[in-house]
Amino acid sequence: MHLACGLSVGLTGLAAGYAIGIVGDKGVRSYMLQSRVFVGMILILIFGEVLGLYGYVLYTIPLVLARNPNLSLCLQSYRRAHPKHQEQGLNVPFV
């Protein structure tokens, strides 16, 4: 479990860093030629950083469920108690 979570964070962090490095390099070079590129460059850098945050979120969910099995049981009992929510597509995730 810890290996999978560590790989999740590590690989998404690596992808985010790679994306930010490429966009930063090309963005700074383009900014020297045309100053209108700055806002677009910042937005793309933010989207690149979201990759790292997404990996961290994917890391914490299975780790919390593995450390607290009662939480998983709680979610399963909620699904059994409220079958109407499953029919409407309002499922409780992560189980």
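Here's a quick rundown of the structure. Quick caveat: nothing in here was measured; it's all calculated off a predicted structure. (Residues numbered from 1 in each chain as written. Predicted model: local features only at pLDDT ≥ 70, side-chain atom pairs only at ≥ 80, totals over all residues. Heavy atoms only, no water.)

Some words on the pattern of salt bridges
Here's step 1: On inspection of all chains with the given rule, the structure shows one salt bridge.
Here's step 2: Arginine 29 serves as the salt-bridge partner of aspartate 25, at 2.9 Å between the closest nitrogen and oxygen. Of this pair, aspartate 25 and arginine 29 are both found in helix H1 (residues 2-33), four residues apart, which corresponds to roughly one turn of the helix.
Here's step 3: Accessibility expressed as a relative area gives 34% for aspartate 25, which makes it partly exposed.
Here's step 4: Of the residues examined, arginine 29 reaches a relative accessible area of 54% and is grouped as exposed. (Salt bridge = Lys/Arg side-chain N within 4 Å of Asp/Glu carboxyl O. Helix = DSSP H or I, 4+ residues; strand = E, 2+ residues; numbered from the N terminus. Buried < 20%, exposed > 50% of the residue type's maximum accessible area, 1.4 Å probe, protein only.)

Brief notes about the packing of H1 against helix H2 (residues 37-67)
Here's step 1: Relative orientation of the contacting elements H1 and H2 amounts to 175°, with a least axis distance of 9 Å. Here H1 lies roughly antiparallel to H2, going by the angle between them.
Here's step 2: Considering only residue class, the contact of H1 with H2 consists of 19 nonpolar, nine polar and two charged. (Axes fitted to C-alpha atoms, helices over the stretch in contact; angles between N-to-C directions. Parallel < 35°, antiparallel > 145°, perpendicular 65-115°, else oblique. Nonpolar A, V, L, I, M, F, W, Y, C, P; charged D, E, K, R; others polar.)

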